[in-house]
Amino acid sequence: MALAVAGTDARAQAAGGTEPSLHVLTSDCDVHPVDWEAFVAALRVELGAEGYRVDQNSGSPAPIVLSIEAAPCEANVSNVEIVVNGPPSGRFTRTISLGDVAPALRARTAAIASAELVLFSRKPALAGRTETLITAQSPLPAPAPPPPAPPPPVVIVLPPPPARPDPSYDAYLAQSRHPRPSVLRLVGVAGEFTHYSGPASSLFGGRVMSEWRLPWNEFAVRVDLAGATGGFDTELGHVTLWTAAAMAGGEWILTGTNLAAAVGPMMEVGYTRVIGRASANADQGAGGGSTFAAVLLASLRFRVAGDLWAALELDGGGELSGIRALIDNQSAGSTAGALLAARLGAAYSF
C-alpha cells in the first residue's frame, strides 16, 4: 500500500512568486495505515508554516513525489516507509514504527515524519546522495516503580523454661542422643509352669518380676524371685519337691506405644527341698540342696490400660547343678536336666 504526495520545487516556485505545492494522492488500498483525512490535515499544518500548499488527488505533474508505503494493506500495520523522490537530492527514505503509537496519534505521527523528510530532502547540501535511512519510534512508557520492600520479620526470643530437678538417671538421658524411654521400671507378678527332663518332673509356682532400664535405652537389668512345688507318686511312696530361686540377667528390649518385646540371658540360683513319704518297705526321709541353672528368656508385653501391662514369657535352658529324689535308687522326681518354663502375668510400669 502506498500514499503518494507530489510537489513542485519550492525554490523554483518561490522565484516566480508562487507558493510551493504538494499533491497528495491516495493509494489503491481500501484500508490505510493511518486516518487519511487526519493525516492530510496534519500535513497541511506542518508544511503550511514552511510555505507549502497541500492538495489532494491533483492530476498536475510534479517533480517531487512523496509516498507512504505499507505492506500488507492493514490498518494496524506496525511499520510504514516514507519515500521522497525528486530534485535536488534524489531519493530519500525513512521508516517509522507505529506499533507502539496510540491509534489516535498515528496520523499526526506519520504527518510530522513526512514533513521532516520533505524539508530534509530540499537541502541543496544533500545533492548527489541517493538514500538516507532514518528510523523513528515512539517513546516507550517509563517502567513502573518496583513494589516497596516488605518490612523485616520480627523475631521474638523467648527465655528457656526453668530447669526442674532430675535424678541422675534422668539427667543422663537428657544429655544422651537417645530419647527418653516410655518405660523406665517394671514390676509384676506371674504364675508359671516349669518342666524338668531328668527325670521328667513338672512344677507349678509363681514369680515376682522386676526390670530396671539402663542408660542405654534398649537394655535393662532383670531381677526375679520365684517359688514352685510339685508332687510325684511311685510304687514305693510319694515325693514332694519345693524349690525357691533368685534370677538375675540382662535384656535387650524393643518398646512401642502398646507393645514391647524383650530377650536376654538369665542365671538362676536356688534351693530345692525333697520330702518323701514311704509306702511298702521303703524308708521315708527328707533332704535338700542348692541348684544352679542358665536360661534364655523371651518376653512379650501388651499394654492393657495406662501403665498396666500383660506379659507372656518363655524360658529355655538347663540346670548346671540340680537335685534328684531317689527311692531305693529309683528316680522319683527332680529339678535337674534341661528345663522349659512358661508364665503369664501382669506388670506395672513407672
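Residues numbered from 1 in each chain as written. Predicted model: local features only at pLDDT ≥ 70, side-chain atom pairs only at ≥ 80, totals over all residues. Heavy atoms only, no water.

J.: Before we go on, may I ask you to explain the nonpolar core in this structure?
T.: Inside soluble globular proteins, nonpolar side chains tend to come together where they are buried. Counting 26 residues, the largest nonpolar core has Phe39, Leu43, Val80 and Ile96 as the members making the most contacts within it. At the level of secondary structure, the elements contributing two or more residues to this core comprise α2 (36-48), β5 (79-86), β6 (90-97) and α3 (106-121). Look past the residues within four positions of Phe39 in its chain and what remains in contact with it is Val34, Ile68, Ala107, Ala110, Ala111 and Ser114. Grouped together as the second largest cluster of nonpolar side chains are 18 residues, Val239, Leu241, Ala293 and Ala332 included. (Core = buried A, V, L, I, M, F, W, Y, C linked by side-chain atoms within 4.5 Å. Buried < 20%, exposed > 50% of the residue type's maximum accessible area, 1.4 Å probe, protein only. Helix = DSSP H or I, 4+ residues; strand = E, 2+ residues; numbered from the N terminus. Contact = heavy atoms within 4.5 Å.)

J.: What am I meant to see in the side chain of Ser299 here?
T.: Among the secondary structure elements, Ser299 is positioned in strand β13 (residues 285-305). At 2.9 Å, the side chain of Ser299 and the side chain of Glu313 are in polar contact. Dropping the residues within four chain positions of it, Ser299 is found in contact with Ala260, Ala261, Ala262, Leu312 and Glu313. (Polar contact = N/O pair within 3.5 Å; in protein donor to acceptor, adjacent residues only side chain to side chain.)

J.: When you look at the pairing of strand β9 (residues 200-213) in this model, what are you seeing that I'm missing?
T.: Side-chain direction in a regular strand flips from residue to residue, so the side chains alternate between the two faces of the sheet. Where strand β8 (residues 185-197) meets β9, 13 bridges bridge the pair, whose relative direction is antiparallel. Each bridged residue has a counterpart across the sheet, and for Ala190 the counterpart in β9 is Arg207. Connecting β8 to the next strand, β9, in antiparallel fashion are 2 residues. Bridge analysis of β9 against strand β10 (residues 219-234) gives 10 bridges, and the strand direction is antiparallel. Its bridge partner being in β10, Arg213 is matched across the sheet by Ala220. (Pairing = 2+ DSSP bridges.)

J.: Please explain a nonpolar patch on the surface as it appears in this structure.
T.: A grouping of Val187, Trp212, Val221, Val223, Tyr348 and Phe350 is seen on the molecular surface, where their side chains present a nonpolar patch of about 520 Å² in accessible area. Mapped onto the elements of the fold, Trp212 is located in strand β9. A relative accessible area of 40% places Trp212 in the partly exposed class. (Patch = residues over 30% accessible without salt bridge, like charges linked within 9 Å, V, L, I, M, F, W, Y side chains within 5 Å. Areas by Shrake-Rupley, 256 points an atom, 1.4 Å probe, with all protein chains shown as cover. Salt bridge = Lys/Arg side-chain N within 4 Å of Asp/Glu carboxyl O.)

J.: Help me out: how do you make sense of the packing of aromatic side chains in this one?
T.: Tallying each qualifying case throughout the model produces 2 aromatic pairs. Ring centres 5.1 Å apart and planes at 50° place the aromatic pair Phe193 and Phe204 in the tilted group. Of the two residues, Phe193 is situated in strand β8 and Phe204 in strand β9; the sequence distance between them amounts to 11 residues. For Phe204, a relative accessible area of 54% puts it in the exposed group. Considering the side-chain rings of Tyr348 and Phe350, the 6.2 Å spacing of their centres and the 20° angle between planes classify their relative orientation as stacked. Note on Tyr348: relative accessible area 45%, which makes it partly exposed. On the accessibility criterion, Phe350 (42% relative accessible area) is partly exposed. (Phe/Tyr/Trp six-rings, centres within 6.5 Å; stacked < 30°, edge-to-face > 60°.)

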